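# What the coordinates show
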2 protein chains.
Amino acid sequence: MEKDTRLKLIEAAAPLFAQKSFAAVSVRELAQAAGANIAAVSYHYGGKEGLYHAMLEYQFEPIAEALERIQTMSSLPPAERLGLYASLVAGVHHRRPYLLRLVHAELTSPTSGFEAVVKKYIPQIFRFIHQALEEGVAAGEFRPDLDIGLAVISLAGILNFYFVAKPMARQLLPASGLSDEKYVSQAFAIYLNGIRREKP
Amino acid sequence: MEKDTRLKLIEAAAPLFAQKSFAAVSVRELAQAAGANIAAVSYHYGGKEGLYHAMLEYQFEPIAEALERIQTMSSLPPAERLGLYASLVAGVHHRRPYLLRLVHAELTSPTSGFEAVVKKYIPQIFRFIHQALEEGVAAGEFRPDLDIGLAVISLAGILNFYFVAKPMARQLLPASGLSDEKYVSQAFAIYLNGIRREKP
DNA sequence: GTATTTTTAAAACAGATGTTTAAAATAATC
DNA sequence: GATTATTTTAAACATCTGTTTTAAAAATAC
């Protein structure tokens, strides 16, 4: 067997579901992109929805791994833990170029995949950032008036939005000015500088 | 006439298209939500796509207005002009609760509505922020090493992502901690603080 | 009051949808 | 090598899609 049909289906499904939407992709389209038969979707995954869920789980794989690795580093200073998250965002987007678009689609237009898959992983990330911010404030390193819950969203927003807006950004910026690493590092610097306690 | 069918269709279409997606909403569904006949969609807008475009234009109306008003204030100091954008984001989301979701959907999964409608407005907003940042750097108010193009995306991201992530945020934060104004003001403060030139 | 436009209703249209079926082909096991 | 078990295939399934057509009804304009 060259590469089993199950995997071929999952890998072909990711870009299709990410670039269109769950409803806009047809089973025939999926099968053709995977070089498989139409019936293979139902046979292996019980249907279009089952394939979609399996594909989502596959996309979250590197996140799950990274989170486990990261949890063990809870002894690092808060700012460095936030930096870990920043490089995780950049790194994951490199390994799974469609994940962020898929998650954004689930946030704006939740399907069954939101409850089934997305909801499992997002809170873990949230708690990781929340804890780092909490300790940073307690240690007097970050502004004491910070609303931590909202600040978590701000970090996720300033880092992730770029990857969603990239197609539009490519039309607005000179092509040379678009580097993922450059973006993440400047955005994180702005954020960190923004929450730091001002020197008296 | 109680409220002509054209408007009823547009207003009913916004939440449906925003919460699902263009492909996932059926014409029968649209007509029923508007209390109109199925044929009314084709009669007034030439079809589902025509209704979608008209609804998008309607959603951008307050943005177009605000941008005209704002352009006349180009004499304000850069930081205040950025603040204008921040309050525009909050205000527009209040008047058009579905706009940001619709735009995000068009960014992640562009339909014909992207070229036809969204592409007209986004660059205007981009240029407005870009210009303010440029002047701020030139005036020595913002960090001189700032990549301005990327910094525009950061501002849009830190302000807008919240409104996209709100459904998820509601499950992660104590209900009391979610105020649009509070979020926008803190997020903007973090950003502005983050790009400010450090005192020597 | 007549003429024009808008709205409604029900039906029909061709095409696409996700899923199932039963036979054929391949792989695994003994 | 024969016999299972698994996978693939093409065809058929009922259902839903957006749109159009017919017609009558209602509302508005002149």
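Summary of the structure given here. (Residues numbered from 1 in each chain as written. Chains lettered and ligands numbered in written order. Predicted model: local features only at pLDDT ≥ 70, side-chain atom pairs only at ≥ 80, totals over all residues. Heavy atoms only, no water.)

### A few points about the environment of proline 78 of chain B
All names here are of chain B. Using the following cut-off: Only DSSP runs of H or I covering at least 4 residues are called helices, and only runs of E covering at least 2 are called strands; the numbering of each starts at the N terminus. Exposure is judged per residue with a 1.4 Å probe applied to protein chains only, and the accessible area is read against the type maximum: over 50% gives exposed, under 20% gives buried, and values in between give partly exposed. Only heavy atoms matter for contacts: two residues are in contact if any of them lie within 4.5 Å across the pair.
Take proline 78: it is sitting in helix H5 (residues 78-95). Proline 78 sits in the buried class, given a relative accessible area of 9%. The sequence separation of proline 78 and glutamate 134 amounts to 56 residues, and the corresponding C-alpha distance is 8.5 Å. Setting aside chain neighbours within four positions, we find proline 78 in contact with Ala132, Glu135, Gly136, Glu141 and Phe142.

### Comments concerning the protein's contact with DNA strand C
Here is the rule: Definition of nearness: a residue and a molecule or strand are near each other if at least one heavy atom of the residue lies within 4 Å of the molecule or strand. Polar contacts, as counted here, are pairs of nitrogen or oxygen atoms within 3.5 Å of one another; within protein the pair requires one atom able to donate a hydrogen and one able to accept it, and residues that are adjacent in sequence qualify only if both atoms are side-chain atoms. Ten residues, namely Ala, Val, Leu, Ile, Met, Phe, Trp, Tyr, Cys and Pro, are considered nonpolar, four, namely Asp, Glu, Lys and Arg, are considered charged, and the remaining ones, Gly among them, are considered polar.
If you check the shell around DNA strand C, you find 17 residues, and the closest are Val27, Arg28 and Lys48 of chain A together with Thr5 and His44 of chain B. Within the backbone of valine 25 of chain A, one N or O atom sits 3.2 Å away from a phosphate oxygen of DNA strand C. Within the side chain of asparagine 37 of chain B, one N or O atom sits 3.4 Å away from a base nitrogen of DNA strand C. Going through the elements one at a time, helix H2 (27-34) and helix H3 (39-45) of chain A together with helix H3 (38-45) of chain B are the ones with two or more residues in the surface near DNA strand C. Class assignment for the residues of the surface near DNA strand C results in seven nonpolar, seven polar and three charged.

### Focus on the packing of helix H1 (residues 5-19) of chain B against helix H2 (residues 27-34) of chain B
Residue and element names in this part refer to chain B. Worth spelling out the cut-off: As a rule, the C-alpha atoms of each element are fitted with a line to give its axis, helices using only the stretch in contact, and angles between N-to-C directions run from 0 to 180 degrees. Any angle that falls under 35 degrees is termed roughly parallel, while one over 145 is termed roughly antiparallel, one within 65 to 115 roughly perpendicular, and all others oblique. Working rule for handedness: look at the near helix, and if it is turned counterclockwise from the far one by less than a right angle, call the crossing left-handed; if clockwise, right-handed.
At a closest axis distance of 8 Å, the pairing of H1 and H2 adopts a crossing angle of 120°. Overall, the two elements H1 and H2 adopt an arrangement that is oblique. Relative to H2, H1 is oriented so that their crossing is right-handed. Residue-level inspection shows Lys8, Leu9, Ala12, Ala13, Leu16 and Phe17 of H1 in contact with H2, the latter providing Glu29, Leu30, Ala31, Ala33 and Ala34. When its residues are assigned to classes, the contact of H1 with H2 shows nine nonpolar, no polar and two charged.

### Quick look at the interface of chain B and chain A
By a widely used convention, the size of an interface equals the accessible area lost when the partners come together. Filter applied, for reference: Defined in terms of a 1.4 Å probe, buried area is the accessible area two parts forfeit on being brought together, summed over both. Here, a salt bridge means any side-chain nitrogen of Lys or Arg that lies within 4 Å of a carboxyl oxygen of Asp or Glu.
Residue-level contacts link 53 residues of chain B with 52 residues of chain A. Taken together, the two surfaces of chain B and chain A that pack against each other cover about 4300 Å², and 70% of this comes from carbon and sulfur. Ranking the residues of chain B by area buried against chain A places Thr108, Leu150 and Phe161 of chain B at the top, with a combined share of 15%. Here chain B and chain A share two salt bridges between them. In this structure, lysine 182 of chain B and aspartate 147 of chain A form a salt bridge, with 3.2 Å as the shortest nitrogen-oxygen distance. Across the contact surface, chain B and chain A share 15 residue pairs in polar contact (both at pLDDT 80 or more). Those elements giving two or more residues to the side of chain B that touches chain A turn out to be H1, helix H6 (99-108), helix H7 (112-138), helix H8 (148-172) and helix H9 (180-195) of chain B. Sorting elements by how many residues they give to the side of chain B that touches chain A places H8 of chain B first, with 18 residues.

### As for the relation of the copies chain B and chain A
The operation relating the two chain copies consists of a rotation about an axis and a shift along that axis. Under the convention used in this document: All copies are superposed by least squares; the fitting set is the C-alpha atoms of residues with a pLDDT of at least 70 in both.
Mapping chain B onto chain A calls for a screw motion: a turn of 180° about the axis and a shift of 0.1 Å along it, with 0.1 Å RMSD after fitting. The symmetry that links the two subunits is that of a two-fold axis. Both copies present the same face, since 98% of the interface residues in chain B are matched by interface residues at the equivalent positions in chain A.

### Quick notes on the packing of aromatic side chains
The line we're drawing: Pairing of aromatic side chains here covers Phe, Tyr and the six-membered ring of Trp, requires ring centres within 6.5 Å, and sorts the geometry by plane angle: under 30 degrees stacked, over 60 edge-to-face, intermediate tilted. Working rule: Lys NZ or Arg CZ, within 6 Å of ring centre, within 35 degrees of ring normal, means a charge sits over the ring.
Counted by the stated rule, this structure contains 12 aromatic pairs over all chains. Here phenylalanine 22 of chain A and tyrosine 52 of chain A contribute two aromatic rings whose centre-to-centre distance is 4.9 Å and whose plane-to-plane angle is 55°, an arrangement assigned as tilted. With phenylalanine 22 of chain A in the loop between helix H1 (5-19) and H2 and tyrosine 52 of chain A in helix H4 (residues 48-71), the pair connects residues that are 30 residues apart, well separated along the chain. Here phenylalanine 22 of chain A falls in the partly exposed class, since its relative accessible area comes to 23%. By relative accessible area, tyrosine 52 of chain A is classed as buried at 3%. Members of the aromatic cluster, connected to one another through ring pairs, are Phe17, Phe22 and Tyr52 of chain A. The ring of phenylalanine 22 of chain B is capped by lysine 48 of chain B, whose NZ or CZ atom sits 4.6 Å from the centre of that ring. Here the guanidinium or amino end of arginine 96 of chain B rests over the ring plane of tyrosine 58 of chain B, the centre of that ring lying 4.3 Å away.

### Section: helix H9 (residues 180-195) of chain A
Note on helix geometry: an α-helix contains 3.6 residues per turn, so any two residues three or four positions apart are oriented the same way. Note the threshold: To estimate the expected span of a helix, count its residues, drop one, and scale the result by 1.5 Å.
In this model, H9 of chain A (16 residues) spans 23 Å end to end at C-alpha, consistent with the 22 Å of a helix rising 1.5 Å per residue. Inspection of H9 of chain A places Asp180, Tyr183, Val184, Gln186, Ala187, Phe188, Ile190, Tyr191, Leu192, Asn193, Gly194 and Ile195 of chain A among the buried residues, and these make up the whole buried set. Considering only its buried residues, H9 of chain A is in contact with helix H5 (78-95), helix H7 (112-138) and helix H8 (148-172) of chain A together with H8 and H9 of chain B.

What is shown is where atoms sit, not what they do.
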